Amino acid sequence: QVEAGKLQFMPKITKPIELIEYAIKANQVQADKFNIQIEVEYPEEKIGKLFVDSEKIAWVLTNLLSNAIRYSKENGHVVIGARQEDNIIELYVQDFGKGIDPRYHKSIFDRYFRVPGTKVQGSGLGLSISRDFVEAHGGTLTVESELGKGSRFVIRLKA
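Definitions and limits used
Residues numbered from 1 in each chain as written. Predicted model: local features only at pLDDT ≥ 70, side-chain atom pairs only at ≥ 80, totals over all residues. Heavy atoms only, no water. Helix = DSSP H or I, 4+ residues; strand = E, 2+ residues; numbered from the N terminus. Buried < 20%, exposed > 50% of the residue type's maximum accessible area, 1.4 Å probe, protein only. Expected span 1.5 Å × (residues − 1). Bend = angle between axes of the 7 residues up to and from the residue. Contact = heavy atoms within 4.5 Å. Axes fitted to C-alpha atoms, helices over the stretch in contact; angles between N-to-C directions. Left-handed = near helix turned anticlockwise from the far one by under 90°. Nonpolar A, V, L, I, M, F, W, Y, C, P; charged D, E, K, R; others polar. Core = buried A, V, L, I, M, F, W, Y, C linked by side-chain atoms within 4.5 Å. Salt bridge = Lys/Arg side-chain N within 4 Å of Asp/Glu carboxyl O.

Go over unusual backbone geometry with me, naming the residues and quoting the values.
Leaving glycine out, the prevailing phi sign among residues is negative, and the prevailing peptide bond configuration is trans. One non-glycine residue with positive phi stands out, namely N35, at about 55°. Looking at where N35 falls in the secondary structure, it is placed in the loop between α1 (16-33) and β2 (37-41). In this model, D86 sits at a positive phi of 50°, which is unusual for a non-glycine residue. With respect to the helices and strands, the residue D86 is situated in the loop between β4 (77-85) and β5 (88-94). According to the relative accessible area criterion, D86 is exposed, its value standing at 70%.

Next up, the structure:
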């Protein structure tokens, strides 16, 4: 669908917390298996709603959270959250794994790219499709990562 440019969007008004809860439910079994705690950071004050295809954005968050769990050490923790600045809502997933070498920060979003030496299974398509989905909503998907400190993936969308 993505490659054919025939992506069908069914946008609706969605609360960011609903997307986060969906991603957690989808990954809970995997997290429990490796005894990884999923922490939620969500502001006390009211946060805006998103007008998005919630299935697509929930898929992106689910994929990011799944990656975060896979790259975490057993008995570790990951963070998933949201925050709002002006009319931009950020959804983010943070892990505390080995991090991604800065040389690969751009390439990880390329189709089929896998960081050399990675043992984790995968097609190398998850981040590429994730970025396509987010950009199709007029948003951005970026990474902040430091070797030895973990990675933080941030989706920015208009509220």
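I'd like a rundown of α1, residues and numbers included.
An ideal rise of 1.5 Å per residue puts 26 Å on 18 residues; α1 measures up with 26 Å between its terminal C-alpha atoms. When the local axis directions of α1 are compared, the greatest deviation, roughly 55°, occurs at N27. For α1, every residue scored as buried is listed here: P16, L19, I20, A23, I24, N27 and A31. Residues of α1 that are buried sit in contact with β1 (12-14), β2, β3 (50-52), α2 (54-70), β4 and β5. N35 sits one or two positions beyond α1 and adopts a positive phi of about 55°.

Give me the packing of α2 against helix α3 (residues 126-136): which residues, what numbers.
Interaxial distance between α2 and α3 falls to 9 Å at its minimum, and their mutual angle equals 150°. The hand of the α2/α3 crossing is left-handed. Between α2 and α3, the contacting residues are K56, I57, W59, V60, N63, L64 and N67 on the first element and G126, L127, I129, S130, F133 and V134 on the second. When grouped by side-chain class, the residues that make up the contact of α2 with α3 number eight nonpolar, four polar and one charged.

Outline the nonpolar core, supporting the account with residue identities and numerical values.
Core analysis: the largest hydrophobic core is formed by 39 residues, its most contacted members being L61, L65, I80, L91, F153 and I155. Of all elements in the fold, only α1, β3, α2, β4, β5, α3, β6 (140-146) and β7 (150-158) reach the threshold of two or more residues within this core. A total of eight residues in this core trace back to one element, the largest contributor, which is α2. L65 has contacts with A23, I24, N27, I38, V78, I80 and V93, leaving out every residue within four places of it along the chain.

Before we move on, can you summarise the pattern of salt bridges with the specific residues and values?
Overall, the coordinates contain nine salt bridges when judged by the stated rule. Note that D101 and R103 form a salt bridge whose closest N and O atoms lie 3.1 Å from each other. On the basis of relative accessible area, D101 is assigned to the buried category, the value being 19%. The closest approach of N and O atoms between R152 and E144, which form a salt bridge, is 3.8 Å. Salt bridges here are not isolated pairs; linked through shared partners, they connect R83, E85, E90 and R156.

Account for the environment of G126, naming residues and giving values.
Relative to the helices and strands, G126 resides in helix α3. Counting along the chain gives 56 residues from G126 to R70, while the straight-line C-alpha distance between them is 13 Å. Discounting residues that sit within four places of it in the chain, G126 has contacts with W59 and N63.

I'd like a rundown of the environment of K98, residues and numbers included.
You can see K98 is positioned in the loop between β5 and α3. It is 7.4 Å that separates the C-alpha atoms of K98 and Y71, two residues lying 27 residues apart in sequence. Setting aside residues up to four positions removed in sequence, K98 forms contacts with Y71, E146, L147, G148, K149 and G150.

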